[in-house]
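Report on the structure
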Amino acid sequence: MRIEMSLKDHSYDILLDHGAILQLSVEIQKWYKGKRIFVLTDKNVYGKHGGSLENVLSDFIVEFVVIEAGESSKSMSVYEYVLETLLDKQMKRGDLLITFGGGVVGDLGGFVAATLYRGVPYIQIPTTLLSQVDSSIGGKTAINSHKAKNMIGSFYQPKLVIIDPNYLKTLSDFEYKNGMAEVIKSACIGDTILFDKLLNGEIKTLEMIERTLLVKKKVVEMDEFDLKERMYLNFGHTFGHALEKQSDFEIAHGFAVAEGMLIALEIGEKIGITPKSIRKSLKLILDKYDLGLYNAKPIPLIEDVFYDKKNIQGELNMIFLKSIGNSVITPVTKEVLYECYNSQTLK
Ligand SMILES: O=C(O)C(=O)C[C@@H](O)[C@H](O)[C@H](O)COP(=O)(O)O
Ligand SMILES: [Zn+2]
C-alpha cells in the first residue's frame, strides 16, 4: 500500500508491504536521474541484508558506508566520519543517499543528508519495528549531545520511505519490544481501536504498522515543525529521554518511553488531568508485550527532564492523556514535578 505524506512541496510516499523493497529501483528511477547511490548502514544490517539490497539496486553503482550498530553512533564523531567518508568517495550534491537500518542509522543519515552540501536527496529504508513505525517518517533528523538525546538536528524530509515488514523476521525479540513501545504510544495518543486491539492481543503486523503510521501522518501533516500537535508524539518521551540518557543508553529508547508513559500518566493523575483507569490498561498492555518496567524513581530524573526540547523559555511542556486518543500539552514547572513526588498519596 502507498501512504502519501502530504507536506506541500516536500511531500513523499511511504510504501508499506511485505516485499516492498523489490519496488525500490523502479521507484527511484521515477525521479532520480543519477547512477551513483550511497547507502549508510550499520554492521549488523550490512551483514544480514547488504547483499540483497545491492541486488535490488543492480541498475546503479552502489557504495556502502558502514558504521557500528548502537546509540553511540548517533554522535558528533560518527557524524563527522560519515560526512568525510562521503566526501572522500566524491559524493556530489545531486547524488542520492539511502539510510538502511534502524533509528540510529535513519536519524544520523537524515542529518547527514540535511547538512551535506546543505541538502542531498535521501530515502529511508527502516529495518527495525521502531524505525518502521516511527523514526523513519516525518523528517526529524538528529544526533545526540553529551547533555541529552537528539539535541542537534533538523527537519529534513526524505524523498521516499520503504517499509518492508519482512525485515522484521530477523529482528531480535528485544528490538521488537523496543518498537512495540512506540506502537503503544501511538495508540494512546491517537487510535482507540489500535489500543483495544493491543489490549486484546489480536492484530496482524501489517495492520499494526499501518495504524501507527496513520497516527503519525495525521499529526505531522498538521504540524511539521513540532510546535503543537506533533508534540503529542512525545508522550512518554519527557522522562523517557532522561531515563535513557541517565542509564548511558543501557535502557533502550522504547523501554524508556514505556516507563516514561507510566510516569506521565501518574503526573497527569496528580495534577487532575488523567483518569486512573488509563494507567491500569496501559500496564496490562505493557505486560502483554513484556516491556520490562524499570520502576524508575522520577525525582532523580527531574533536572535532566529540563533539557527537553519542549522546554520552551523555561516552561516544560508535557504531554498528558485526558483519555485514550485525546492528548493535551500542558506546561509544568519543576516545583510541580517535585511536589508530585513528595506527596504522601503517591503510588
Ligand atoms: O517524530 C516525532 O515528532 C517524535 O516525537 C517521535 C518520537 O518517537 C521520536 O523518538 C523522536 O525522535 C523524539 O523526538 P524529539 O523531538 O524529542 O527528539
Ligand atoms: Zn520515540
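As the structure is a computational prediction, the values presented were derived from the model and not from experiment.

At 1.9 to 2.1 Å from the zinc ion (ligand 2) lie its protein donor atoms, namely E182 (OE), H237 (NE2) and H253 (NE2). All donors of the zinc ion (ligand 2) come from a single chain, and their spacing in sequence reads E-x54-H-x15-H. Taken as a pair, E182 in helix α6 (residues 173-190) and H237 in helix α9 (residues 237-246) lie far apart in primary sequence, 55 residues in all. Using a relative accessible area of 5% as the deciding quantity, one classes H237 as buried.

Another aspect to go through is the sheet that holds strand β9 (residues 160-163). The strand order β1-β2-β9-β6-β5-β3-β4 describes an open sheet built from seven strands, whose pairing is mixed. At either end of the open sheet lies a strand with only one pairing partner, and these are β1 (2-5) and β4 (61-67). Ignoring which end each strand starts from, the neighbouring axes of this sheet average 20 degrees apart. Strands in contact with helix α8 (residues 205-222) are β1, β2 (12-16) and β9; relative to β1, the strand with the most contacts, it is inclined by about 15 degrees.

Considered domain by domain, the protein is made up of domain 1 (2-170) and domain 2 (217-345). Taking the mean C-alpha position of each, domain 1 and domain 2 sit 28 Å from one another. Contact residues are listed per partner, giving 22 residues for domain 1 and 16 residues for domain 2. Taken together, the two surfaces of domain 1 and domain 2 that pack against each other cover about 1700 Å², and 61% of this comes from carbon and sulfur. On the domain 1 side of the contact with domain 2, K140, K149 and F155 bury the most area, a combined 31% of that side's loss. Where domain 1 touches domain 2, the interface holds two salt bridges.

Before going further, it helps to examine the UniProt feature "domain: 3-dehydroquinate synthase N-terminal" (unreviewed entry) in the protein. Per the UniProt entry, the sites bearing "domain: 3-dehydroquinate synthase N-terminal" (unreviewed entry) are residues 65-176 in this numbering. Counted over residues 65-176, helix gives 33% and strand 23%. Its end C-alpha atoms are 25 Å apart.

Within the fold, K280 resides in helix α11 (residues 276-288). The sequence separation of K280 and A187 amounts to 93 residues, and the corresponding C-alpha distance is 15 Å.

The subject of this paragraph is the site of ligand 1. Around ligand 1, the surrounding shell holds 14 residues, and the nearest of these are D134, K140, K216, R230 and N234. The side chain of D134 places a nitrogen or oxygen atom 2.6 Å from an oxygen atom of ligand 1. Computed on the free molecule, ligand 1 has an accessible area of 420 Å², of which 93% lies beneath the protein chains in the complex. Residue assignment for the shell around ligand 1 shows that the elements contributing at least two residues are α6 and α9. Split by residue class, the shell around ligand 1 holds one nonpolar, five polar and eight charged. Inspection of the shell around ligand 1 shows a minimum of three residues originating in each of domain 1 (2-170) and domain 2 (217-345).

Reading the values: rules and limits
- Residues numbered from 1 in each chain as written.
- Chains lettered and ligands numbered in written order.
- Predicted model: local features only at pLDDT ≥ 70, side-chain atom pairs only at ≥ 80, totals over all residues.
- Heavy atoms only, no water.
- Donors = N, O, S within 2.8 Å, 3.2 Å for Na, K, Ca; no water.
- Helix = DSSP H or I, 4+ residues; strand = E, 2+ residues; numbered from the N terminus.
- Buried < 20%, exposed > 50% of the residue type's maximum accessible area, 1.4 Å probe, protein only.
- Pairing = 2+ DSSP bridges.
- Axes fitted to C-alpha atoms, helices over the stretch in contact; angles between N-to-C directions.
- Contact = heavy atoms within 4.5 Å.
- Domains from an automatic or database assignment.
- Buried area = accessible area lost by both parts, 1.4 Å probe.
- Salt bridge = Lys/Arg side-chain N within 4 Å of Asp/Glu carboxyl O.
- UniProt positions renumbered as here; feature names shortened; annotations may be inferred.
- Near = heavy atom within 4 Å.
- Polar contact = N/O pair within 3.5 Å; in protein donor to acceptor, adjacent residues only side chain to side chain.
- Areas by Shrake-Rupley, 256 points an atom, 1.4 Å probe, with all protein chains shown as cover.
- Nonpolar A, V, L, I, M, F, W, Y, C, P; charged D, E, K, R; others polar.

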